[in-house]
Amino acid sequence: MPTLKPSHPYISRMEPYEPPDIEAAAERAGVDKEGLIRLVANENPFGPSPRVAEALGAFEEYHLHPDYGSLKEAVAGYVGVTSDHVVLSNGADEMIDLLIRLLVEPGEAVVVCPPTFAMYRFYGRVNRCRVLNAPRREDLSLDVPAIERAVRGSGGEARLLFIVSPGNPSGQAIPLALTERLLELPVMVCVDEAYIEFGGESALSLLAGYDNLVVIRTFSKWAGLAGLRLGYAVARPELAGYLNRIRPPYNVNAAAMVAALATFDDLERVEANVARLIAERERLTEALREVPWLDPLPSDTNFILIRVEGRDPEGVVEGLAERGILIRDFSSPAMAGHVRVSVGRPDQNDALIAALEGMS
């Protein structure tokens, strides 16, 4: 009987993604799951539009494969393009995988700008590609000369560059002029706009002028649909057509489709919640500045990156977890001394500040 083993030894060395153990965290804090304050995963604390639950309950075609035509039209109208520019995906993560499969052969390279979203490196390695690093500057801004050296010094093997605006974990938006400079490189540029509804300038305005640009987005953050996994890409029709050729059939489930259409039907309310989160982000930032050992950085997202001064960040995270408040720490040396806090509801943010002040 053949021995079961991966087709390539590098897979054995990969670490699986481990989401937070919410039940264990609740037990440790002595509360039920609903009592936890979860400011760890950049989720929308206001949840989706109430119309989403109504639409899901009223839908009668779960036994049929979904027809995406109306959803593609709705997404196209939302971003201001025609539907032949739009490709749907099972979360933005699947689109990252599809882009690498389409554009990068095994042994060729993707370029990433750490610290950044881990899935770019993850899917690069899964698809047996080289991953070239162009590390960010000390202030976490993009090091454009380093990116240019990585691309031009790859001997033509760098095929795809991932940048995220506004950034994760930096929270910083990338100026359009900088994105345009990167689009002059001989490489496909993917701009991940998972947080664009919270701030920054969208690169979609550049799409008509550059055929090496693709923008990816998600319904997880602004629309409160993280649990239904719905993302999309916006690209020139030729590239979108190729992505549709390799996209699995029916990769977006009917529930996600129904929820997204209900979101567009209630867009004013959903955008009002986004505005509430932005206002809370600014209020929370000011409150964090009053804690003497914290230095919150400016943010264009639904989270705040915080520099911890004179204390162990892991100890801060652990201390808050004991109080039933979950925030994010980092294992990367580049992020040493930092924690990340997702913006919550006003009551959640007040509880966070009170807990931090109690730790002073």
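Residues numbered from 1 in each chain as written. Predicted model: local features only at pLDDT ≥ 70, side-chain atom pairs only at ≥ 80, totals over all residues. Heavy atoms only, no water.

A. Geometry of the overall build of the protein chain. Within the protein chain, the regular secondary structure consists of 13 helices and 12 strands. Structurally, the protein chain occupies a C-alpha span of about 60 × 55 × 55 Å along its principal axes. Looking at the protein chain as a whole, 53% of its 360 residues qualify as buried. Long-range pairs, those at least 24 residues apart, make up 71% of the contacts in the protein chain with a sequence separation of at least 6. As displayed, the protein chain offers around 16600 Å² of accessible surface, 50% of which is attributable to carbon and sulfur atoms. In the protein chain, 35 positive and 51 negative side-chain charges are present, and the distance between their average locations comes to 5 Å. (Helix = DSSP H or I, 4+ residues; strand = E, 2+ residues; numbered from the N terminus. Buried < 20%, exposed > 50% of the residue type's maximum accessible area, 1.4 Å probe, protein only. Contact = heavy atoms within 4.5 Å. Areas by Shrake-Rupley, 256 points an atom, 1.4 Å probe, with all protein chains shown as cover. Lys, Arg positive; Asp, Glu negative; His and termini not counted. Charge placed at Lys NZ, Arg CZ, Asp CG, Glu CD.)

B. Inspection of helix α12 (residues 313–322) at higher detail. The complete set of buried residues in α12 reads Pro313, Val316, Val317, Gly319, Leu320 and Ala321. Buried residues belonging to α12 abut α2 (22–29), β10 (303–308), β11 (325–326), β12 (338–342) and α13 (346–358). Where α12 ends, the next residue or the one after it, Gly324, has phi of about 80°, a positive value.

C. Expanded view of the environment of Tyr78. Inspection of the secondary structure puts Tyr78 in helix α4 (residues 69–79). Separated by 186 residues in sequence, Tyr78 and Phe264 have C-alpha atoms that sit 8.2 Å apart. Residue contacts for Tyr78: discarding those within four places in its chain leaves Glu197, Arg217, Trp222, Tyr232, Phe264, Leu267 and Glu271.

D. Spatial organisation of the environment of Ala29. Relative to the helices and strands, Ala29 resides in helix α2. Counting along the chain gives 291 residues from Ala29 to Leu320, while the straight-line C-alpha distance between them is 9.2 Å. Residues within four places of Ala29 in sequence aside, it is in contact with Leu36, Ala321, Glu322 and Gly324.

E. Up close: the environment of Phe46. Within the secondary structure, Phe46 is located in the loop between β1 (37–38) and α3 (50–58). Not counting residues within four places of it along the chain, the set of residues in contact with Phe46 comprises Asn273, Arg276, Leu277, Arg345 and Pro346.

F. Main features of the pattern of salt bridges. Inspection of every chain in the model, using the stated rule, returns 17 salt bridges. A salt bridge links Glu318 to Arg28; the nearest nitrogen and oxygen atoms lie 2.5 Å apart. Here Glu318 is found in helix α12, whereas its partner Arg28 is found in helix α2, with 290 residues between them in sequence. According to the relative accessible area criterion, Glu318 is partly exposed, its value standing at 32%. In this structure Arg28 comes out as partly exposed when scored by relative accessible area, which is 46%. Put simply, Asp266 and Arg269 hold a salt bridge, and the shortest N to O gap is 2.7 Å. On the basis of relative accessible area, Asp266 is assigned to the buried category, the value being 7%. By relative accessible area, which is 40% here, Arg269 ends up partly exposed. (Salt bridge = Lys/Arg side-chain N within 4 Å of Asp/Glu carboxyl O.)

G. Region of the structure containing the packing of aromatic side chains. The tally for this structure, following the rule as stated, stands at 11 aromatic pairs. Taken together, a centroid distance of 4.9 Å and an interplanar angle of 75° make the contact between Phe59 and Tyr62 edge-to-face. What makes Phe59 partly exposed here is its relative accessible area of 22%. For the ring pair Phe117 and Tyr120, a centre distance of 5.5 Å and an interplane angle of 80° mean the geometry is edge-to-face. Taken together through their ring pairs, the aromatic side chains of Tyr78, Phe219, Trp222, Tyr232 and Phe264 make up a single cluster. Sitting above the plane of the Phe46 ring, Arg276 keeps its charged end 3.9 Å from the centroid. For Arg311, the ring lying beneath its charged end belongs to Trp293, and the centroid distance is 4.1 Å. (Phe/Tyr/Trp six-rings, centres within 6.5 Å; stacked < 30°, edge-to-face > 60°. Lys NZ or Arg CZ within 6 Å of the ring centre and 35° of its normal.)

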